[in-house]
Amino acid sequence: MRRLIENRFGLLALVLVALGALYGVAFVSRPAPAAQVRPQAVRAPVESVTAVCPAPSGSRVSVVTPAQDQRNPGQQDQEPGSATLSAIRTPEEKAGGKDDVIDRPGLLWQREIAVGGGPLVVDATGAMAAGLESAQTARETSGTQRGLAGVRCVEPGAESWFVGPGPAAAEMTLYLANPDAAPANVSFMVYSGEGPVLSERGNGVVVKPGQHRVIRLRDLAPSPLIMALQVSTRSGRVAAAVKAVLGEGRGVDWLPVAAAPATRVVVPGIPGTAGQRELYVATPGERDTVVRIKAVLEDGSYALKNKETIEVSAGSAASLDLSTGIGGQPAALVLESDVPIVAGLKITGTGARQDVAYTAGAASVDLGSVVADGRAEGKQTSWLVLSAPFEAAVAEVQLVPSKGAAPAPVEVKVPAARTKELRLTPPKGSKGGFSVVVRPMPGSGPVYGGRVLDEGVKDGRLLTAQPLAMARTWALVPPTVDEPGAVLP
């Protein structure tokens, strides 16, 4: 051993053996590495909402914030808050203007708005913001405005899409309002059957804070028979809405905001009433496409005979009559394309004098949905059309009457690739209108839908539709990570 120690090579060997033993013990006894957890978005209650009812003159305005969902106790931690309804007024009008205030969730506020005046702004904070929904609905029985015309009051944003008839087929009016404190620089783009269309007078306007504008689309693009309209802002935000008046005896309604261009679009909320069904599809990109069409009906989902596809040229819009395929059946449409598309559908009623309604591409209501205005007065009827295009779905439907106790919620099961239509009837003793709350149950597949109002009158059926939109209840807050690029130039 002494010789080994004295031999420097032997000493080196002993040191290496000792180090190997220590490393082996450390390797065996080391703690398991911590699993890398990818940051996830956090769901937080919405604490502030601003929505604009574009032209409430002569309409019924409905505003509601549903009572707290007991399955989501996080909402109970919010400040009480309030919702304020105020008109966009001139400085002279503001001096004598009076605002309405709602301070209790679960209360449906409804008013008939006198003729005259501009947009109505609904501002909500705290608990009154989580789930707040508002809508305006007008009813006329004569003249060019004959029909039911309803629209969901819209939040200001940077971009909105609308799909429907063009200015050559109807009187199309664009309503813009800016409830923010910064000006909005707004531009327009119209896609017609012949391709992109720009205004000869320029395609942009500035909407100042607290200002609203009414623009006849015929002045921007007079020739299109069908169109897709893109309203976008270079700076600021704007609330945009479009009204279509087809002429006396032909119907009137608002175009709902359509889902942004995507390669798969679901058009929900098609009622089971008789009448014409006309599909509108636009391709705003630079490539032609063939759009594949599948109908989701009560008895299954399948392509329609001889109407399986529609060809759409780049930068243009096209239409297809689907009356013989889905007329008289509650339905949704699933459209698929190799390039992004936007889509909508015109629903025409029956009778000697017709009325129209519109639905459009919409997202699934994974976080729930609220419809502010439902009716069951006289001959008016409300319908809820729910579809589960991809997986079986289960949703809870709750009515919130304007007066009287709310009925117990109803659980609705929709098998995969099916559509179900429900007649909405408030309990006996409740009077006036009601709102509708739709909440998908845990484990449910994607739910798409729409609410339809109709009314039988002596010269034909009046109707209006509203695709279900994601409730303004929760916001997904993206995860935060340490990133030097956030502070470095």
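Residues numbered from 1 in each chain as written. Predicted model: local features only at pLDDT ≥ 70, side-chain atom pairs only at ≥ 80, totals over all residues. Heavy atoms only, no water.

1. Thoughts on the overall build of the chain
So, point 1. Across its full length, the chain holds five helices and 35 strands.
So, point 2. Sorting the 489 residues of the chain into buried and exposed places 50% on the buried side. (Helix = DSSP H or I, 4+ residues; strand = E, 2+ residues; numbered from the N terminus. Buried < 20%, exposed > 50% of the residue type's maximum accessible area, 1.4 Å probe, protein only.)

2. Details of the sheet that holds strand β15 (residues 212-216)
So, point 1. Taken in spatial order, the four strands line up as β15-β11-β17-β18 in an open sheet, and their pairing is antiparallel. Either end of the sheet is taken by a strand with one partner, and the two such strands are β15 and β18 (251-255). Neighbour-to-neighbour, the strand axes of the sheet open up by a mean angle of 20 degrees, direction not taken into account. (Pairing = 2+ DSSP bridges. Axes fitted to C-alpha atoms, helices over the stretch in contact; angles between N-to-C directions.)

3. Overview of the pattern of salt bridges
So, point 1. Following the criterion strictly, the structure yields 18 salt bridges and no others.
So, point 2. With its nearest N and O atoms 2.9 Å apart, the salt bridge here joins R146 to D459. Of this pair, R146 sits in the loop between β8 (133-140) and β9 (147-152) while D459 sits in the loop between β33 (448-457) and β34 (460-467); the two residues are 313 residues apart in sequence, bridging distant segments of the chain. Comparing R146 with D459 shows no difference in burial state: the two are buried.
So, point 3. R375 is the partner of D373 in a salt bridge, and the nearest nitrogen-oxygen pair spans 3.0 Å. Take D373 and R375: they sit in the same class, and that class is buried.
So, point 4. Via salt bridges that share partners, E133, R152, E155 and R472 belong to a single interconnected network. (Salt bridge = Lys/Arg side-chain N within 4 Å of Asp/Glu carboxyl O.)

4. Some details on the sheet that holds strand β6 (residues 109-112)
So, point 1. Judged by pairing direction, the sheet is antiparallel, and its four strands sit side by side in the order β6-β3-β8-β9 without closing on themselves. Each of the sheet's edge strands pairs with one partner strand only, and the pair in question is β6 and β9. Direction aside, the axes of adjacent strands within the sheet are offset by 15 degrees on average.
So, point 2. Relative to β8, strand β3 (residues 60-64) runs antiparallel, the two being bridged by five bridges. What sits directly across from S62, in β8, is A135.

5. Side note on the confidence of the model for the chain
So, point 1. Per-residue pLDDT for the chain has a mean of 86; in total, 81% of the residues score no lower than 70.
So, point 2. Predicted confidence for residues 89-96 stays below pLDDT 50, and this span has five contacts to residues more than four positions away or in other chains. (pLDDT = per-residue confidence, 0-100. Contact = heavy atoms within 4.5 Å.)

6. Considerations on the state of the cysteines
So, point 1. Counting across every chain of the model gives one disulfide.
So, point 2. Note on cysteine connectivity: C53 is disulfide-linked to C153, with sulfurs 2.0 Å apart. A torsion of 95 degrees about the S-S bond marks the disulfide between C53 and C153 as right-handed. In this pair, C53 sits in strand β2 (residues 48-53) while C153 sits in the loop between β9 and β10 (159-165), placing the two residues 100 residues apart along the sequence.
So, point 3. Relative accessible area serves as the criterion here: at 0%, C153 is assigned to the buried category. (Disulfide = S-S within 2.5 Å.)

7. Some remarks on the side chain of R472
So, point 1. Structurally, R472 can be placed in the loop between β34 and β35 (474-477).
So, point 2. Among the polar contacts made by the side chain of R472, one reaches the main-chain carbonyl oxygen of C153 at a distance of 3.1 Å.
So, point 3. Here the side chain of R472 touches E155 through a polar contact of 2.9 Å, side chain to side chain.
So, point 4. Those residues in contact with R472 that sit more than four places away from it in its chain are V46, V49, A51, A129, A130, G131, L132, E133, R152, C153, V154 and E155. (Polar contact = N/O pair within 3.5 Å; in protein donor to acceptor, adjacent residues only side chain to side chain.)

8. What to know about the packing of aromatic side chains
So, point 1. Under the defined criterion, the tally for this structure stands at three aromatic pairs.
So, point 2. Taking the centre distance of 6.0 Å and the plane angle of 20 degrees together, the rings of W161 and Y191 count as stacked. With W161 in strand β10 and Y191 in strand β12 (residues 184-192), this residue pair connects regions lying 30 residues apart in the sequence.
So, point 3. A relative accessible area of 4% places W161 in the buried class.
So, point 4. Exposure remark for Y191: the relative accessible area of 8% places this residue in the buried category. (Phe/Tyr/Trp six-rings, centres within 6.5 Å; stacked < 30°, edge-to-face > 60°.)

9. What about the environment of V61?
So, point 1. With respect to the helices and strands, the residue V61 is situated in strand β3.
So, point 2. In the structure, V61 is positioned 50 residues away from R111 in sequence and 5.5 Å away in space, judged by C-alpha atoms.
So, point 3. If we skip the residues at most four places from it in the chain, V61 touches C53, P56, W109, Q110, R111, I113, L120, A135 and Q136.

10. Remarks on unusual backbone geometry
So, point 1. With a phi close to 65 degrees, N306 is a non-glycine residue in the positive phi region.
So, point 2. Relative to the helices and strands, N306 resides in the loop between β22 (300-302) and β23 (309-312).
So, point 3. Overall, the relative accessible area of 67% leaves N306 in the exposed class.
So, point 4. The backbone phi angle of A417 is positive, close to 60 degrees, even though this residue is not glycine.
So, point 5. Relative to the helices and strands, A417 resides in the loop between β30 (410-414) and β31 (418-424).

11. Quick notes on the pairing of strand β27 (residues 369-374)
So, point 1. Judged by how many residues are buried, β27 sits mostly within the fold: six of six residues are covered.
So, point 2. Summarising the sheet, β27 and strand β32 (residues 434-440) pair through four bridges and their orientation is antiparallel. Pairing of V371 across the sheet is with V436, part of β32.

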